[in-house]
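# Reading the structure
Here is how the chains run, residue by residue.
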Amino acid sequence: MRKRLLIALATLAAATPALAGGAGERAYYRGDYARAARLLLQRAEAGDPTAQSFLGYQYQYGLGVPKSYEEAAHWYHRAADQDEPSAQFFLGLLYDRGQGIAEDPIAAEMWLDLAAAPKAKRAYWTTMRDTIAGKMTLDELAEARRRAVGWRPLRER
């Protein structure tokens, strides 16, 4: 479990290095999760996909907020819809596990495919996508790929 948490933290950090200078992100990286959640919530509600992704992660793991897969899925979905790759990755995992959202292998594969596609250096994301794809029928996999190819980001701002 600790190893998975460390991998997830590294994934989140790697996905947002250019934006890590905000007060919410700084509080998060200092381990002041409650303060980070308060600061990030303002930006997340205003439509900032990076803040939404961080907040989703905090809810998924109960960092400074009550643990809630439903809230995590909500924030990840808002960020993922805006093409935020770490949110797409974590949302795909929630769909795969049915955590906070109905289990849906096609949606899981679509989000993981979108997260991994432009990031060839993120082998872990590709491995997770391929692992989930291995559990799917060819028809399900084709549908997931069709959805990924046709997907377009939304802009909240």
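Along each chain, residue indices are assigned from 1 in the same order as the chain's sequence is written. In view of the model being predicted, local features appear only for residues whose pLDDT reaches at least 70, and side-chain atom pairs are presented and counted only at 80 or more, with totals across whole chains, interfaces and linings using the full set of residues. Water and hydrogen atoms play no part in the side-chain values, which are based on all heavy atoms of the structure.

### A closer look at the overall build of the chain
Secondary structure elements are taken from DSSP: a helix is a run of H or I of four residues or more, a strand is a run of E of two residues or more, and numbering for both begins at the N terminus. When helices and strands are counted, the chain shows nine helices and zero strands. Relative accessibility decides the category of a residue: with a 1.4 Å probe and only protein chains considered, values under 20% of the type maximum give buried, values over 50% give exposed, and everything between is partly exposed. Taken over 157 residues, the chain has a buried fraction of 47%. Should any heavy atoms of two residues lie within 4.5 Å, those residues are counted as being in contact. Contacts in the chain between residues far apart in sequence, at least 24 positions, make up 56% of those at least 6 positions apart. Working note: accessible area of the chain is about 7,900 Å², and carbon and sulfur atoms make up 56% of it. In these tables, accessible area is a Shrake-Rupley quantity obtained with a 1.4 Å probe, and a residue counts as shielded only by the protein chains included in the view.

### Description of the side chain of Gln60
Tracing the backbone through its elements, the reader meets Gln60 in helix α4 (residues 49–61). Apart from residues no more than four positions distant in its own chain, Gln60 is found in contact with Lys67, Ser68, Tyr69, Ala72, Tyr76, Phe90 and Leu94.

### Observations regarding the packing of helix α7 (residues 105–116) against helix α8 (residues 123–133)
Running from amino to carboxyl end, α7 crosses α8 at an angle of 155°, the nearest separation of the two axes being 9 Å. Taken together, the axes of α7 and α8 lie roughly antiparallel to each other. Between α7 and α8 lies a crossing whose hand is left-handed. Only Trp125, Thr126, Met128, Arg129, Ile132 and Ala133 of α8 make contact with α7, whose side of the interface consists of Ala108, Glu109, Leu112, Asp113, Ala115 and Ala116. The axes used here are C-alpha line fits, helices contributing only the stretch in contact, and every angle between their N-to-C directions lies in the interval 0 to 180 degrees. Put simply, angles under 35 degrees are roughly parallel, angles over 145 are roughly antiparallel, angles from 65 to 115 are roughly perpendicular, and the rest are oblique. Handedness of a crossing is defined here by the sense of rotation of the near helix relative to the far one, left-handed for an anticlockwise turn of less than a right angle and right-handed for a clockwise turn.

### Details of the side chain of Asp113
Following the sequence through the fold, Asp113 ends up in helix α7. For Asp113, the side chain forms a polar contact with the side chain of Arg129, separated by 3.2 Å. Setting aside residues no more than four positions away along its own chain, Asp113 makes contact with Arg129, Arg145 and Ala148. Here a polar contact is taken to be a pair of N or O atoms separated by no more than 3.5 Å, where protein atoms must pair a possible hydrogen donor with a possible acceptor and residues adjacent in sequence count only if both atoms sit in side chains.

### Some details on the nonpolar core
By size, the foremost hydrophobic cluster in this structure holds 39 residues, and its most contacted members are Leu55, Tyr76, Phe89, Leu93 and Trp111. Counting only elements with at least two residues in this core, the list comes to α2 (23–30), α3 (33–45), α4, α5 (69–80), α6 (85–97), α7 and α8. Per element, the largest residue contribution to this core is eight residues, and it comes from α7. If we ignore the near neighbours within four places in the chain, the residues touching Tyr76 are Ser53, Gly56, Tyr57, Gln60, Ala87, Phe90, Leu91 and Leu94. To qualify as a nonpolar core, a set must consist of buried Ala, Val, Leu, Ile, Met, Phe, Trp, Tyr and Cys residues joined through side-chain atoms within 4.5 Å.

### Looking at the confidence of the model for the chain
Taken as a whole, the chain shows an average pLDDT of 85; of its residues, 83% reach a score of 70 or greater. Confidence, read as mean pLDDT per element, is least for helix α1 (residues 2–15) in the chain (48) and greatest for α5 (98). Contacts for the low-pLDDT stretch residues 13–21, under 50 throughout, to residues beyond four places or in other chains number 16 contacts. For every residue, the predictor assigns a confidence score, pLDDT, that lies between 0 and 100.

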